[in-house]
Amino acid sequence: MSKQLVIGEVSDGGFRNVSFEAIAAAKQLDESAEVVGVVIGESVASIAEEMVKYGADRVITVESDKLKEYTPEAYSQVLMEVIEKESPEGIVMGHTYIGRDIAPKLASKLGSGLVSDVTAIEGSSQFIRPIYSGKAFEKVEIEEGLQFITIRPNNIPALEKDEGRNGNVEALDVEVKDLQMIIKDVVKNTTSGVDLSEASIIVSGGRGLKSMENFKILDELAEVLGAAVGASRGACDAEYCDYALQIGQTGKVVTPDLYIAVGLSGAIQHVAGMSNSKVIVAINKDPEAEIFQIADYGIVGDLFDIVPKLTEEFRKA
Ligand code: FAD
């Protein structure tokens, strides 16, 4: 029986869903594995059991006021100690901004293989991941040694929550020392309050919105749908919205169930960040716009007519 370590991620006092998806991924690697969750933060013990309900066998918590916000220095000190103590065969975490940052650091320290941005798993050691900005997929295998993978959110479904599942939650003391960087404050920058990288619906706007004021019509549609708001770089460059919303090759990579592209042309660099969305709806007045080539449903017309009507109709539903 192998041991798989799953690193949970906490945001706003709860787990990011990708933490539960990572548990499911660990089980896919080895159905009979002991899955050990790891939760790091200032005060995380109270939520740790959630990982058990989603399939972890036990959970290790590491708490300290120095761990309130993620820093690569502090988290790598903690994780190196946990990995040393547990000697797992595999480590799974989300391909989030934390996973992207810390996984290569840890893998190089451990001298282990790392497959990042995994969207599917085949067997016990073959991983599918997108390459060339999502235009192709490659199959990667780690032949031996510790398997370290980061999984793309919204691709490997979490197991169903089982309220009756029990498992130990163990506190581990780790002395976090010699930190050169301390985060004093974090300013959140989402318009709708829904996290873009994990949203199941995204309403994304481009330069066709024409102004910062007009961009707000997307907030209204997003609110009705429980969606997050995203943007093209064109919209960000034009200062209609913050760069935190940018989707694409140099922005965020997203895989929602539904992506509504409004007044954006579908430039290759934008498509790189959203082409794996499950259903794509495009609204554009130009029937030749490139976005229609990858859209499942297209509406040709003026977004200023269409978006308010959609908002109104969804509000009734
Ligand atoms: P436009 O291309 O100007 O498209 C606006 C669209 O709105 C048009 O299709 C138009 O028909 C439509 N429209 C206008 N008015 C209306 C209306 N009233 N109703 C309906 N439709 C309307 N871009 C990204 O998005 N993400 C990235 O990560 C990214 N990275 C890049 C990296 C590099 C190195 C480079 C060189 C570029 C990058 N870009 C990126 C920029 C990209 O090439 C495009 O310039 C950008 O995506 C265009 O934004 P847009 O689609 O909003 O604007």
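Keep in mind it's a predicted model, so treat the numbers as computed, not measured.

Description of the environment of D162
Part 1 of the argument: Turning to its location among the elements, D162 is positioned in the loop between β11 (147-151) and β12 (168-171).
Part 2 of the argument: Classification of D162 by relative accessible area gives partly exposed; the value is 37%.
Part 3 of the argument: Spatially, the C-alpha atoms of D162 and V52 are 8.4 Å apart, while their sequence positions differ by 110 residues.
Part 4 of the argument: Polar contacts involving the side chain of D162 include one to the main-chain amide nitrogen of G164, which spans 2.9 Å.

What about the packing of helix α3 (residues 72-86) against helix α4 (residues 97-110)?
Part 1 of the argument: Between α3 and α4, the least distance of the axes is 10 Å, while the angle of their chain directions is 45 degrees. In terms of orientation, α3 and α4 fall into the oblique class. The crossing of α3 and α4 is right-handed. Contacts between α3 and α4 pair P72, Y75, S76, L79, M80 and I83 from the former with D101, I102, K105, L106, K109 and L110 from the latter.
Part 2 of the argument: Broken down by class, the residue content of the contact of α3 with α4 amounts to eight nonpolar, one polar and three charged.

What to know about the layout of surface pockets
Part 1 of the argument: Counted as a void, the second largest pocket has a volume near 490 Å³.
Part 2 of the argument: In terms of lining residues, the second largest pocket is bounded by 28 residues, among which R207, S232, G263, L264 and S265 are the most central.
Part 3 of the argument: Of all the elements in the fold, those that place two or more residues in the lining of the second largest pocket are α6 (233-237), α7 (268-271), β16 (279-284) and α9 (303-316).
Part 4 of the argument: Among the elements that take part in the lining of the second largest pocket, α6 stands out by supplying three residues, more than any other.
Part 5 of the argument: Here the residues of the lining of the second largest pocket are counted per class, giving six nonpolar, 15 polar and seven charged.

Conventions and cut-offs
- Residues numbered from 1 in each chain as written.
- Predicted model: local features only at pLDDT ≥ 70, side-chain atom pairs only at ≥ 80, totals over all residues.
- Heavy atoms only, no water.
- Helix = DSSP H or I, 4+ residues; strand = E, 2+ residues; numbered from the N terminus.
- Buried < 20%, exposed > 50% of the residue type's maximum accessible area, 1.4 Å probe, protein only.
- Polar contact = N/O pair within 3.5 Å; in protein donor to acceptor, adjacent residues only side chain to side chain.
- Axes fitted to C-alpha atoms, helices over the stretch in contact; angles between N-to-C directions.
- Parallel < 35°, antiparallel > 145°, perpendicular 65-115°, else oblique.
- Left-handed = near helix turned anticlockwise from the far one by under 90°.
- Contact = heavy atoms within 4.5 Å.
- Nonpolar A, V, L, I, M, F, W, Y, C, P; charged D, E, K, R; others polar.
- 1 Å grid on protein atoms, 1.4 Å probe; cavity = no way out; pocket = protein on both sides within 12 Å on 5 of 7 lines; lining within 4 Å.
- Points joined across faces, edges and corners; volume = space filled by probe spheres on them.

In short, shape yes, function no, at least from these values alone.
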